[in-house]
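Structural overview
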Amino acid sequence: MPDLMELYRDLHAHPELSFEEHKTAAKLAKRMKALGFEVTEGVGQTGVVSVMRNGDGPVVMLRADMDGLPVVEQTGLPYASKETATPASGVTTGVMHACGHDTHMTGFIGAAQLLVDHKDEWQGTLVMILQPAEELGLGALAMIEDGLYTRFPKPEYVLGFHDAAAPAPAGTIGYTPGYALANVDSVDITVKGIGGHGAYPHTTVDPVVLGSAIVMKLQTVVSRSSSPLDPAVITVGSFHAGAKHNIISDEAKLQITVRSYSDESRQLLLDGIRRVARGEAMSAGLSEEMMPVVTVEEPYTPSTFNDPEFSEERAASFAARFGDERVMQWPAVMGGEDFSQFRRASPEDVKSMIFWISGTTDEMLTALKDEGKPLPSLHSPFWAPDAEKVVATGAEALASAAIDLMPANGG
Ligand SMILES: [Zn+2]
Ligand SMILES: [Zn+2]
C-alpha cells in the first residue's frame, strides 16, 4: 500500500485530459512491463493493453480509465493538482481527477501486482487495459476499433470498478445486476425563426417563443409517451438565442441530454424530440424549409448492462471475502459509462460487470448525518475520496474476481 499510495498521489497531482493521457499511459505501461506483462501502447490513441499468458484457461479482462476533467481542484489536499490544459473549447482550465480515475488506475496496478504474486493460483490469459477518454464516452470504442478484440486475446469476462460518492463507508462495494448506467445521447436543435424588431412581433416568427414551447412540450415526451416504469430523462441544458433586448432573433439553439436504458426507449425519446420540434414549428406557421434541425451526436454512449447472474456470482464472492456488510446491491443510475462498449461489441460471448466502491470519508458521512451536509458528487472540485480504502478494495476485488474466473487447474 505505501508504494501504491505514492503512485496515487503522483497520478492525482498530474491529471491529463481525455485522449491527452500520454504521461499517465507511459508511467503505467512502464510498471506493467516491470511486472512481466507484454505491453502494447497507443491502442485507441493513448490506450495501453497488457497481456499475461499463464497456461490454458479463460481470458479475463480488467479495465481502468485514465482521464481527468477540466475542473479547477479545490480540495486543498497537499497533492492537489496544479495542472492546466487547453481543451478543444480553447479556454485554458485547471485539470483534476474529479471523477476518481486515479483511484481506478492505482487499484488496477495493485491488482496486477497481486495477480503476479499469486500466479500459481490462476490459469488462463489476463488482459489488463488502461482506457483513454472515458469522460468523452469515446475511449472504449477507440480501443475496440483499434483491434482490442482482434489484435489481442478476446475476453470472456470483463471487470472494472468506479469510485462512488455514496452514503456508505469507504470501501463498501455496490453492485447493480442488469442495467446499471444509462444510454447517453446529446441532441442539438437549431430552431429557425424570422427575426425583426422587438416592438413589432407580428411581423416575425419568434424563435425564443417557439424554442420555449419546444422545451415545455419536450417534458411531455417522458411524462406522456414513455412508460412510467421505464426510466427516461430529457434535460435541456442549454438554450441560446438573441443578442439584444429589442431584437427578435432568427435562430435559437437548444442542447439536450437524453437518458434511457433500452434501445427501444432510446428510440422512442429521440423520435419524440424530432416530432415535438417539428410539430411546434408547424404550429408557429413555419414552412417546410424552416423546420427545426435536430441532430443526434454520434457515437453515443450506450447503457451499461451488468450480466445479472455473473454479477450476483461476483457479489457473492466479494461478500465471502470482504463480509456481507461491505457488499450491497445499489439502484441503477442515469449517468453513463463507456465501459458498456466492451460487452456491446460482442454481447453473445462477453460477460461484463462494473461495480462501485464507495470513497466517502468518515468525515463526510458524519457531516451528512449530523448537519445534513450533502456529499460532494463525482466531478465536484471538492471530491477527495478516501483513496486508500478505494484502492485497497479495488485491487483486491479485481484480483480475487480474476482468480475466481480462472482458477489454477480449473479449481
Ligand atoms: Zn466522470
Ligand atoms: Zn468516471
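Residues numbered from 1 in each chain as written. Chains lettered and ligands numbered in written order. Predicted model: local features only at pLDDT ≥ 70, side-chain atom pairs only at ≥ 80, totals over all residues. Heavy atoms only, no water.

On a plain count of helices and strands, the protein chain comes out with 10 helices and 18 strands. Partitioning the contacts of the protein chain with sequence separation of at least 6, the portion at a separation of at least 24 is 80%. If you sum the accessible surface of the protein chain, you get close to 17,900 Å²; carbon and sulfur atoms cover 53% of it. (Helix = DSSP H or I, 4+ residues; strand = E, 2+ residues; numbered from the N terminus. Contact = heavy atoms within 4.5 Å. Areas by Shrake-Rupley, 256 points an atom, 1.4 Å probe, with all protein chains shown as cover.)

The next point concerns the packing of helix α2 (residues 22–34) against helix α3 (residues 101–117). Interhelical geometry of α2 versus α3 gives an angle of 15 degrees and a closest axis separation of 11 Å. By the angle between their directions, the pair α2 and α3 is classed as roughly parallel. Note on packing geometry: the crossing formed by α2 with α3 is right-handed. Residue-level inspection shows Thr 24, Leu 28, Arg 31 and Met 32 of α2 in contact with α3, the latter providing Met 105, Phe 108, Ile 109, Ala 112 and Gln 113. (Axes fitted to C-alpha atoms, helices over the stretch in contact; angles between N-to-C directions. Parallel < 35°, antiparallel > 145°, perpendicular 65-115°, else oblique. Left-handed = near helix turned anticlockwise from the far one by under 90°.)

So, about the coordination of the zinc ion (ligand 1). Taken together, Cys 99 (SG), Glu 135 (OE), Glu 135 (OE) and His 379 (NE2) make up the full set of protein donors to the zinc ion (ligand 1), lying 2.0 to 2.6 Å away. For the zinc ion (ligand 1), the four donor atoms in the first shell make angles of 54 to 150 degrees at the metal, a pattern classed as irregular. Within one chain, the residues donating to the zinc ion (ligand 1) are spaced in sequence as C-x35-E-x243-H. The metal-metal distance between the zinc ion (ligand 1) and the zinc ion (ligand 2) is 3.2 Å, with Cys 99 coordinating both. In this pair, Cys 99 sits in the loop between β5 (93–94) and α3 while Glu 135 sits in the loop between β6 (124–131) and α4 (139–145), placing the two residues 36 residues apart along the sequence. Cys 99 sits in the buried class, given a relative accessible area of 6%. The exposure class assigned to Glu 135 is partly exposed, which follows from its relative accessible area of 21%. (Donors = N, O, S within 2.8 Å, 3.2 Å for Na, K, Ca; no water. Tetrahedral: all angles 85-135°; square planar, octahedral: opposite > 155°, others 65-115°. Buried < 20%, exposed > 50% of the residue type's maximum accessible area, 1.4 Å probe, protein only.)

A separate point is the sheet that holds strand β12 (residues 233–241). Across a sheet, paired strands are connected by hydrogen bonds in the backbone, their directions being either parallel or antiparallel. Spatial strand order, β12-β14-β10-β15: four strands in an open sheet with antiparallel pairing. Every interior strand has two partners, whereas the edge strands, β12 and β15 (293–296), have only one. The average angle at which neighbouring strand axes cross in this sheet is 20 degrees, direction not considered. Note that strand β10 (residues 183–192) and β15 share four bridges and pair antiparallel. Residue pairing for β15: Thr 190 is matched across the bridge by Val 293. (Pairing = 2+ DSSP bridges.)

Bringing helix α7 (residues 308–322) into the picture now. The terminal C-alpha atoms of α7 lie 20 Å apart, and with 15 residues this matches the ideal 21 Å at 1.5 Å per residue to within 8%. For α7, the complete set of buried residues consists of Phe 310, Ser 311, Arg 314, Ala 315, Phe 318, Ala 319 and Phe 322. On its buried side, α7 packs onto β7 (157–164), β8 (173–175), β16 (304–306), β17 (327–329), β18 (351–358) and α10 (387–405). Two residues or fewer past α7, Gly 323 is found with a positive phi of approximately 100 degrees. (Expected span 1.5 Å × (residues − 1).)

A few words on the coordination of the zinc ion (ligand 2). Coordination of the zinc ion (ligand 2) by the protein comes from Cys 99 (SG), His 101 (NE2) and His 162 (NE2), over a distance range of 2.1 to 2.4 Å. When the donor residues of the zinc ion (ligand 2) are listed from N- to C-terminus, their spacing reads C-x1-H-x60-H. What makes His 101 buried here is its relative accessible area of 0%.

The subject of this paragraph is the environment of Asp 65. Within the element layout of this structure, Asp 65 appears in strand β3 (residues 59–65). Taking the C-alpha atoms as reference, Asp 65 lies 6.8 Å from His 104; in sequence the two are 39 residues apart. Among residues more than four places away in sequence, those in contact with Asp 65 are His 101, His 104, Met 105, Gln 131, Glu 134 and Glu 337. Among the polar contacts made by the side chain of Asp 65, one reaches the side chain of His 101 at a distance of 3.3 Å. A distance of 2.6 Å separates the side chain of Asp 65 from the side chain of His 104, its partner in a polar contact. (Polar contact = N/O pair within 3.5 Å; in protein donor to acceptor, adjacent residues only side chain to side chain.)

Now for the environment of Ala 168. Along the chain, Ala 168 falls in the loop between β7 and β8. Using a relative accessible area of 3% as the deciding quantity, one classes Ala 168 as buried. The spatial distance from the C-alpha of Ala 168 to the C-alpha of Asp 362 is 9.2 Å, given a sequence separation of 194 residues.

Gaps between atoms show up when a probe of the same size as a water molecule is rolled over them. A complete count under the given rule lists one cavity of 30 Å³ or more for this structure. Volume-wise, the largest cavity comes out at about 40 Å³. Put simply, the parts of the chain that give the lining of the largest cavity at least two residues each are β9 (178–181) and β18. Of the residues contributing to the lining of the largest cavity, the split by class is four nonpolar, three polar and no charged. (1 Å grid on protein atoms, 1.4 Å probe; cavity = no way out; pocket = protein on both sides within 12 Å on 5 of 7 lines; lining within 4 Å. Points joined across faces, edges and corners; volume = space filled by probe spheres on them. Nonpolar A, V, L, I, M, F, W, Y, C, P; charged D, E, K, R; others polar.)

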